[in-house]
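Working through the structure, step by step
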Amino acid sequence: TSEAAIEVAVEAGAALDGRVVDAAGRGLAGAVVLLRDVPALRPPNGMSPETFPPPQRIARSDAEGRFTIPAVAPHERYLLRACHGEAAQRLVGESEPLALRAEERAEIALELRPGKSLRGRVQNEKGEPIAGAEVLAIPAHSTFASMEAN
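All of the points below concern the structure found in this document.

About the thresholds
Residues numbered from 1 in each chain as written. Predicted model: local features only at pLDDT ≥ 70, side-chain atom pairs only at ≥ 80, totals over all residues. Heavy atoms only, no water. Core = buried A, V, L, I, M, F, W, Y, C linked by side-chain atoms within 4.5 Å. Buried < 20%, exposed > 50% of the residue type's maximum accessible area, 1.4 Å probe, protein only. Contact = heavy atoms within 4.5 Å. Pairing = 2+ DSSP bridges. Helix = DSSP H or I, 4+ residues; strand = E, 2+ residues; numbered from the N terminus. Axes fitted to C-alpha atoms, helices over the stretch in contact; angles between N-to-C directions. Polar contact = N/O pair within 3.5 Å; in protein donor to acceptor, adjacent residues only side chain to side chain. Salt bridge = Lys/Arg side-chain N within 4 Å of Asp/Glu carboxyl O.

**Description of the nonpolar core**
Side chains of nonpolar character tend, in soluble globular proteins, to be buried together. Of all hydrophobic cores here, the largest spans 20 residues; its most connected members are Leu-16, Val-20, Val-33, Ile-69, Leu-80 and Leu-100. Ignoring sequence-local partners within four residues, the contact set of Val-20 consists of Arg-26, Gly-27, Leu-28, Ala-31, Val-33, Ser-61, Gly-65, Phe-67, Ala-82, Leu-110 and Leu-112.

**Here's the deal with the sheet that holds strand β8 (residues 105–111)**
Read across the open sheet, the 3 strands follow the order β4-β1-β8; overall the sheet is mixed. The open sheet is flanked by β4 (66–72) and β8, the only strands paired with a single partner. Going from strand to strand, the sheet's axes swing by 20° on average, the running direction of each strand aside. Relative to β4, strand β1 (residues 14–21) is paired through 5 bridges, and the arrangement is antiparallel. When the sheet's bridge partners are listed, Asp-17 is paired in β4 with Thr-68.

**Re the environment of Arg-121**
Summarising the element assignment, Arg-121 is placed in the loop between β9 (113–114) and α1 (143–146). Not counting chain neighbours up to four residues away, the residues in contact with Arg-121 comprise Gly-127, Glu-128 and Pro-129. In this structure the side chain of Arg-121 is engaged in a polar contact, spanning 3.4 Å, whose partner is the backbone oxygen of Gly-127.

**Points about unusual backbone geometry**
One non-glycine residue with positive phi stands out, namely Ala-71, at about 50°. Relative to the helices and strands, Ala-71 is located in strand β4. The exposure class of Ala-71 is exposed, given its relative accessible area of 62%. The phi torsion at Glu-103 lies on the positive side, around 65°, for a residue other than glycine. Mapped onto the elements of the fold, Glu-103 is located in the loop between β7 (98–100) and β8. Judged by relative accessible area, which is 67%, Glu-103 ranks as exposed.

**A look at the pattern of salt bridges**
Scanning the model with the defined rule gives 6 salt bridges in all. The shortest N-O distance in the salt bridge between Asp-22 and Arg-26 comes to 2.9 Å. Judged by its relative accessible area of 54%, Arg-26 is exposed. Its salt-bridge partner being Glu-64, residue Arg-66 comes within 3.6 Å of it at the nearest N-O pair. The class of Glu-64 is partly exposed, set by a relative accessible area of 48%.

**What to know about the environment of Pro-70**
Considering the arrangement of structural elements, one finds Pro-70 in strand β4. Pro-70 sits in the partly exposed class, given a relative accessible area of 40%. Residues Pro-70 and Ala-14, spaced 56 residues apart in sequence, show a C-alpha to C-alpha distance of 6.8 Å.

Written out as structure tokens, the structure is:
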């Protein structure tokens, strides 16, 4: 029986502290906060929700709207998104891309605003409805929509 030694170098993580607030600056309790790795290139045409990277971390804000995401892998392009409330009263927000470096503890405030509703019909070239179609709406101002090769 032979034994082999394996060495693994682990880079120190970062942490992200923040507060989710409404337009008046009041903390929002129970907001869902997603930390997502932002691709360096614009996603190709015909993308589907599966082409987006999954959230790296998910947190929920406390009674004062504060949240902490500990032990985050250092990375140059993260995006923070949050939502609060149900359907018609949903508030949403998105940060600018942010970099997190090893051993850094970053702070961010994320202001949420009322979301919008989108209605439509998905149909094939003959005008027939397509049941169960997945629709992805990306606002023109979104980081994902405006992303070009960097």
